[in-house]
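Here is how the chains run, residue by residue.
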Amino acid sequence: MSQAKSMSVREPIRERRPQFWQVARRCCQIAATVDVAFFFLFHLLDSPILAWINVVSVTMYVVAYRALGKQQNRLAITLIWAEVIIHAGLGVVLIGWGSGFHYYLLMFIPALFVSMRLKGAVVALAALWGYYVALYLLMWFIEPLQPIAPGALLGVYLFNLSVVFAMFSYLSFFYLTMVTSANRKLRRMATTDSLTGLFNRRHMTYLAEKELARFRRSGHPTAFLVLDIDHFKTINDQYGHEAGDRVLEEVAGIIKAQLRAQDLIARWGGEEFLAVLPDTQLHSAQASAERVREALLSHVWLTPSGERIDITISAGVSEFRGEDDLNSAINRADRALYRSKEGGRNRVEVETV
Ligand SMILES: Nc1nc2c(ncn2[C@@H]2O[C@H](COP(=O)(O)OP(=O)(O)OP(=O)(O)O)[C@@H](O)[C@H]2O)c(=O)[nH]1
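These figures come from a predicted structure and were not determined experimentally.

J.: Just checking my understanding: could you explain unusual backbone geometry for this structure?
T.: It is generally the case that most residues other than glycine have a negative phi and that most peptide bonds are trans. In the Ramachandran plot, Asp279 falls in the positive-phi region, its phi being about 50 degrees despite a non-glycine side chain. Assignment of secondary structure puts Asp279 in the loop between strand E3 (272-278) and helix H13 (282-298). The class for Asp279 is partly exposed, based on 16 C-beta atoms found within 10 Å.

The following block contains the structure:
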């Protein structure tokens, strides 16, 4: 029962959005620095209460910063919330709405959605809105308790506005960077094979179809190589799956190194690779396949335990023909590959009919 319960415990917030807590830590540093500036500013403006409030604020940010470092996120976020809400409220009540202290409350809007689940964020947002409006209405009915000179008020307003602008810009830039890198990662995951880094089958099919369309338009020759590691099962069986994986990675690297930058290379199946060679005639493609075969043959292959092993590859070569669809061109390369295997492996065969 207790185990079932612990299995259903929700994932801690930090693990869901680690970058958010990183930026929250940075915000604690910035906010504490701003509060130190406020301490001196309000002393100069002869507002000791507002000045000493900042000592409390800095202490709260320091504790929140340390709590974030220890992954005590709930404590940290409570402290940050309390600091901003009380500080903004006191600032407005003591020197007026014109101080611009209320702008700091708005900074919570994006942070709420990133740090909470949707339902909690909506409730907190409603509460924040209520507090903001209540503060505004309150200042309609009362005068500031510790007014400062109009020039000083303008200075405080401009300072607050500038800090909020700077912090929003920082947060926006941070989110933009995060989204861009997440998109890049997703695209990479959707198009590449995670083990070898080559294109995956789905993306290769898309790219090869595009090459086929280009071939139909321009008639430029386009060749196919299907490459298959020989007796790969034995490597797995004798040295383990992990050793097999390392071989796949290295073979992928060698194929890539031997072909041109514009050639498209994919992991087509378990130990099978497909390369599409644009603007390449059959005999050149055959020479490329031979180059790959020889490079693999002359490479020194070592197992994780340092044992030397032989790795060879067989290949089949074909090219697009006028009436082709993608499958028929690949099938011809496959048949040529089959002849390589039948003929003793470690060979390159070219399509016949
Ligand atoms: N380590 C590892 N092995 C894989 C992976 N994908 C497929 N395989 C293995 O690749 C082996 C392919 O075996 P077979 O199809 O019999 O081919 P082969 O042993 O290379 O024999 P020939 O192709 O006839 O020379 C199988 O044992 C699969 O389990 C992978 O991602 N990692």
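Picking up after the structure, the text goes on.
J.: What should I look at first to understand the site of the ligand in this one?
T.: Taken together, 16 residues sit near the ligand, with Asp230, Phe232, Lys233, Gly244 and Gly270 positioned nearest. For the shell around the ligand, the leading source of residues is helix H12 (residues 241-258), giving 4 residues. Looking at the shell around the ligand residue by residue, the class counts come to 4 nonpolar, 5 polar and 7 charged.

J.: Whenever I open this one, the UniProt feature "transmembrane region" (unreviewed entry) in the protein confuses me. Can you help?
T.: Per the UniProt record, the feature "transmembrane region" (unreviewed entry) sits at residues 23-43, 49-68, 75-95, 101-118, 123-142 and 154-179. In the segment residues 154-179, helix accounts for 100% and strand for 0%; the C-alpha atoms at its two ends are 37 Å apart.

J.: Explain the pairing of strand E1 (residues 222-229) to me, please; I cannot follow it from the model alone.
T.: When a strand is regular, its side chains alternate between the sheet's two faces. In terms of residue burial, E1 counts as a mostly covered element, since 8 of its 8 residues are buried. Burial along E1 is two-sided: the residues Thr222, Phe224, Val226 and Asp228 and Ala223, Leu225, Leu227 and Ile229 are all buried. Alignment of E1 against E3, held across 7 bridges, turns out to be antiparallel. When the bridges of E3 are listed, Thr222 appears paired with Pro278. Where E1 lies against strand E6 (residues 313-319), 7 bridges are found, and the strand directions are antiparallel. By the bridge assignment for E6, Ala223 is matched with Glu319.

J.: What is the right way to read the domain arrangement of the protein from this model?
T.: Interface size is commonly expressed as the accessible surface area that is lost when the partners come together. According to the domain assignment, the protein contains domain 1 (2-189) and domain 2 (201-350). A separation of 56 Å is found between the C-alpha centroids of domain 1 and domain 2.

J.: Is there a simple way to explain the pairing of strand E2 (residues 264-267) in this structure?
T.: Relative to E3, E2 runs antiparallel, the two sharing 4 bridges. When the sheet's bridge partners are listed, Leu264 is paired in E3 with Val276.

J.: Would you mind going over H13 with me for this structure?
T.: Side chains three or four residues apart in an α-helix point the same way, a direct result of the helix having 3.6 residues per turn. The terminal C-alpha atoms of H13, which comprises 17 residues, lie 24 Å apart, in line with the 24 Å expected from a rise of 1.5 Å per residue. Within H13, burial applies to Ala285, Ser288, Ala289, Val292, Arg293 and Leu296. Down the axis of H13, the buried side of the element spans an arc of 135 degrees, and every buried residue falls inside it. Exposed positions of H13 whose direction lies more than 90 degrees from the buried face are His283 and Ser298. Looking at the packing, one finds that the buried side of H13 touches E1, H12, E3, E6 and strand E7 (348-350).

J.: What's the story with the sheet that holds E3 in this structure? I'm lost.
T.: Within a sheet, neighbouring strands are paired by backbone hydrogen bonds and run either parallel or antiparallel to one another. If you trace the 5 strands from one edge of the open sheet to the other, you get E2-E3-E1-E6-E7, paired in mixed fashion. Both edges of this open sheet fall to E2 and E7, since each of them pairs with a single strand only. With direction set aside, neighbouring strand axes in the sheet form an average angle of 15 degrees. In the sheet, E6 pairs with E7 via 3 bridges, with the strands oriented parallel. Counted as the bridge partner of Gly316 is Glu349 from E7. Contacts from H12 reach E1, E2, E3 and E6, with the element oriented near 165 degrees to E2.

J.: Mind showing me how you'd approach the confidence of the model for the protein here?
T.: In regions of low pLDDT, the predicted coordinates are not meant to be interpreted in detail. When pLDDT is averaged along the protein, the result is 91, and 95% of the positions lie at 70 or above. Put simply, helix H1 (residues 2-7) is where the protein has its lowest mean pLDDT, 40, and E2 is where it has its highest, 98. Considering only residues more than four positions removed or in separate chains, one finds that residues 1-14, a stretch of pLDDT under 50, has 6 contacts. In the predicted complex, the global pTM is 0.72; the interface-specific ipTM is 0.94.

J.: Teacher, can you tell me more about helix H8 (residues 118-141) here?
T.: An ideal rise of 1.5 Å per residue puts 34 Å on 24 residues; H8 measures up with 35 Å between its terminal C-alpha atoms. For H8, the buried fraction is low: 0 of the 24 residues fall into the buried class.

J.: How should the packing of helix H3 (residues 18-44) against helix H9 (residues 150-191) be read in this particular structure?
T.: A pair of packed helices is characterised by two quantities: the angle between their axes and the separation of those axes. Where H3 meets H9, the closest approach of the two axes is 12 Å, and the angle between their N-to-C directions is 165 degrees. Taken together, the axis directions place H3 and H9 in an arrangement best described as roughly antiparallel. H9 is crossed by H3, and the crossing has right-handed handedness. Two secondary-structure elements touch here, H3 through Gln19, Val23, Ile30 and Val34 and H9 through Val163, Met167, Leu171, Phe174 and Met178. The residue makeup of the contact of H3 with H9, split by class, is 8 nonpolar, 1 polar and no charged.

Rules of the game
Residues numbered from 1 in each chain as written. Predicted model: local features only at pLDDT ≥ 70, side-chain atom pairs only at ≥ 80, totals over all residues. Helix = DSSP H or I, 4+ residues; strand = E, 2+ residues; numbered from the N terminus. Buried ≥ 20, exposed ≤ 12 C-beta atoms within 10 Å, placed from the backbone. Near = placed C-beta within 6 Å. Nonpolar A, V, L, I, M, F, W, Y, C, P; charged D, E, K, R; others polar. UniProt positions renumbered as here; feature names shortened; annotations may be inferred. Pairing = 2+ DSSP bridges. Domains from an automatic or database assignment. Expected span 1.5 Å × (residues − 1). Arc of directions from axis to C-beta. Contact = placed C-beta atoms within 7 Å. Axes fitted to C-alpha atoms, helices over the stretch in contact; angles between N-to-C directions. pLDDT = per-residue confidence, 0-100. Parallel < 35°, antiparallel > 145°, perpendicular 65-115°, else oblique. Left-handed = near helix turned anticlockwise from the far one by under 90°.

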